[in-house]
Number of protein chains: 2
Amino acid sequence: MSRPAVHPVEPPPFIDGRDDEAPPRRVRMKDVQGMPGTLTGLALRLCQFIFSVVSLTVMAATSDFPSVTAFRYLVGAAGLQSLWSLFLAMIDAYALCVRRSLRNPALITIYAIGDGVTSTLTFAAACACAGITVLISNDLNKCDVNHCKKFISATAMAFLSWFAASPSFFFNFWSLASR
Amino acid sequence: MSRPAVHPVEPPPFIDGRDDEAPPRRVRMKDVQGMPGTLTGLALRLCQFIFSVVSLTVMAATSDFPSVTAFRYLVGAAGLQSLWSLFLAMIDAYALCVRRSLRNPALITIYAIGDGVTSTLTFAAACACAGITVLISNDLNKCDVNHCKKFISATAMAFLSWFAASPSFFFNFWSLASR
């Protein structure tokens with residue numbers, strides 16, 4: 001799945017010049033910060049993981065979250081996002097440690113699809129919880145009998161997790177389209 | 001903003017062969033169904049427009065939508081989506097009638113940003129309304145005092161509008177990245 005390469009130094013050109021005559025293979029992609037296997041990419045993954053775990057923990061710490069479908073959905077979506085981001089952060093950290101390149105088209109396709117699905121689910125959960133939180137706090141003024149602060153915190157963290165997940169998705173999608 | 005071209009016939013190659021020697025200008029893009037100026041693109045725009053107008057109408061027809069922030073937001077987001085889709089549908093129809101090509105990088109950039117913003121707003125509104133509708137109908141069982149069917153219909157139409165808007169965004173983003 002990963003291709004060995006001295007990173008970030010470009011591979012030296014072939015001496016006999018056959019590389020110029022043969023059609024380009026287009027297997028390797030450009031090295032852009034934010035993509036898998038880069039420091040910015042790893043930082044984005046860690047941000048996604050931290051924000052989604054905080055969102056999950058804060059929401060799961062409220063006693064009445066199981067009574068609202070959207071709050072249960074947020075716990076599930078944040079859990080999925082945190083697992084996906086942790087898994088990809090570990091792969092990124094491994095690739096950085098052993099200086100391997102992860103810019104493989106098949107891998108980038110899987111990353112782009114996974115990022116698209118998880119970030120859409122996280123965004124949907126955050127929006128649903130935001131709708132209910134605003135309903136409780138602003139429209140009905142029932143914050144005295146509800147954990148409004150915890151709901152708002154969990155929703156905000158889910159939105160931050162989505163903000164961190166979107167660049168990863170766009171980087172992968174862009175590099176997939178531009179190869 | 002638009003470039004004259006016989007559509008869909010490819011322009012004939014230059015006779016003196018200078019086109020091969022000069023570096024490619026990359027101003028025109030590939031002709032893919034679903035992009036601006038194609039029949040599929042026009043059909044997508046019309047679907048977006050119809051679904052968002054129906055969503056807006058059904059939600060605005062309920063007497064108590066102004067009391068809930070998410071429902072007011074849905075009316076605004078669906079209104080913006082319908083205006084944007086109608087405007088682009090008219091441009092697409094004009095381009096098809098006069099057989100002009102709309103595959104200009106600057107135009108595609110504006111389309112991609114506009115599609116990204118409007119479809120995200122529509123999706124957020126649909127998710128927020130879905131959260132509240134499920135809360136009212138499933139969690140609280142208060143459909144007897146609320147217009148649950150209308151809320152569900154408006155939410156479903158907003159989701160359908162988002163489903164129709166997403167391909168437009170991805171086509172534009174893909175062609176922007178792959179040029």
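Parameters and conventions
Counting from 1, residues in each chain are numbered in the order their sequence is written. The naming scheme follows written order: chains are lettered A onward, ligands numbered 1 onward. Only residues with pLDDT of at least 70 get local features here, since the model is predicted, and only at 80 or more are side-chain atom pairs given and counted; chain-wide, interface and lining totals rely on the full set of residues. Side-chain measures were taken over the full set of non-hydrogen atoms in the model, leaving aside hydrogen atoms and water. Here a strand is any run of E in DSSP of at least two residues, a helix any run of H or I of at least four, and the numbering for each starts at the N terminus. Buried means the residue's accessible area, taken with a 1.4 Å probe over protein chains only, is under 20% of the maximum for its type, while exposed means over 50%, and partly exposed covers the values in between. Here the open area of atoms and residues is found with the Shrake-Rupley method and a 1.4 Å probe, where only the protein chains shown may cover a residue. Here, a salt bridge means any side-chain nitrogen of Lys or Arg that lies within 4 Å of a carboxyl oxygen of Asp or Glu. UniProt positions are given in the numbering used here, feature names are shortened, and annotations may be inferred rather than shown by experiment. Residue contacts follow a heavy-atom distance rule, with two residues in contact if any of their heavy atoms lie within 4.5 Å. By buried area we mean how much accessible surface two parts lose on assembly, using a 1.4 Å probe and totalling the loss over both. Polar contact is the term for a pair of N or O atoms within 3.5 Å; when the atoms are in protein, one must be able to donate a hydrogen and the other to accept it, and sequence-neighboring residues count only if both atoms are side-chain atoms. The nonpolar class holds Ala, Val, Leu, Ile, Met, Phe, Trp, Tyr, Cys and Pro. Asp, Glu, Lys and Arg form the charged class, and all remaining residues, Gly among them, are polar. In this analysis a 1.4 Å probe is tested at points of a 1 Å grid over the protein atoms alone, and where it fits but cannot get out there is a cavity; an open set with protein on both sides within 12 Å along at least five of seven lines is a pocket; lining residues have an atom within 4 Å of a point. Grid points are joined across faces, edges and corners, and a volume is the space filled by probe spheres set on the points.

1. Concerning the overall build of chain A
Argument step 1. Of regular secondary structure, chain A possesses five helices and two strands.
Argument step 2. In chain A, the order of α-helices and β-strands from amino to carboxyl end is β-α-α-α-β-α-α.
Argument step 3. Counting over 179 residues, chain A shows a buried share of 44%.
Argument step 4. Total accessible area computed for chain A in this model is approximately 9,400 Å², and 68% of it derives from carbon and sulfur atoms.

2. What about the pattern of salt bridges?
Working definition: two side chains of opposite charge can pair if their charged atoms are close together.
Residue and element names in this part refer to chain A.
Argument step 1. The full count for this structure, using the stated rule, is two salt bridges over all chains.
Argument step 2. One salt bridge in this structure joins Arg45 and Asp115, with 2.8 Å as the shortest N-O distance. Of this pair, Arg45 sits in helix α2 (residues 39-61) while Asp115 sits in helix α4 (residues 105-139), and the two are 70 residues apart along the sequence. Judged on exposure class, the residue Arg45 and its partner Asp115 are both buried.

3. Describing the UniProt feature "transmembrane region" (unreviewed entry) in chain A
All names here are of chain A.
Argument step 1. In the UniProt entry, the feature "transmembrane region" (unreviewed entry) is given for residues 38-61, 73-96, 108-136 and 156-177.
Argument step 2. Summarising residues 38-61: 96% helix, 0% strand, and an end-to-end C-alpha distance of 34 Å.
Argument step 3. As a span, residues 73-96 carries 100% helix and 0% strand, and end to end its C-alpha atoms are 34 Å apart.

4. Comments concerning unusual backbone geometry
Argument step 1. For Asn141 of chain A, which is not a glycine, the phi torsion comes out positive at approximately 55°.
Argument step 2. Position of Asn141 of chain A among the secondary structure elements: in the loop between α4 and α5 (148-177).
Argument step 3. Even without being glycine, Arg99 of chain B reaches a positive phi, approximately 55°.
Argument step 4. Mapped onto the elements of the fold, Arg99 of chain B is located in the loop between α3 (69-97) and β2 (100-101).

5. Remarks on the interface of chain A and chain B
Argument step 1. On the side of chain B, 22 residues touch chain A, which itself brings 22 residues to the contact.
Argument step 2. Taken over both partners, the interface formed by chain A and chain B buries close to 1,800 Å², and the fraction arising from carbon and sulfur atoms is 82%.
Argument step 3. Counting the surface chain A buries against chain B, the share from its top three residues, Phe173, Trp174 and Ala177 of chain A, is 27%.
Argument step 4. Between the two partners, chain A and chain B, sit zero salt bridges.
Argument step 5. If you look at where chain A meets chain B, you find two residue pairs in polar contact (both at pLDDT 80 or more).
Argument step 6. Take the side of chain A that touches chain B: its biggest share by element is 10 residues, from α4 of chain A.
Argument step 7. When the residues that make up the side of chain A that touches chain B are grouped by side-chain class, the tally is 16 nonpolar, five polar and one charged.

6. Focus on empty space enclosed by the protein
Residue and element names in this part refer to chain B.
Argument step 1. With the rule as written, the count across this model stands at two cavities of 30 Å³ or more.
Argument step 2. The volume enclosed by the largest cavity comes to roughly 50 Å³.
Argument step 3. Along its surface, the largest cavity is lined by Gly34, Met35, Pro36, Gly41, Arg45, Leu88, Asp92, Tyr111, Ser168 and Asn172.
Argument step 4. Of all elements in the fold, only α2 (39-61), α3 and α5 (148-177) reach the threshold of two or more residues within the lining of the largest cavity.

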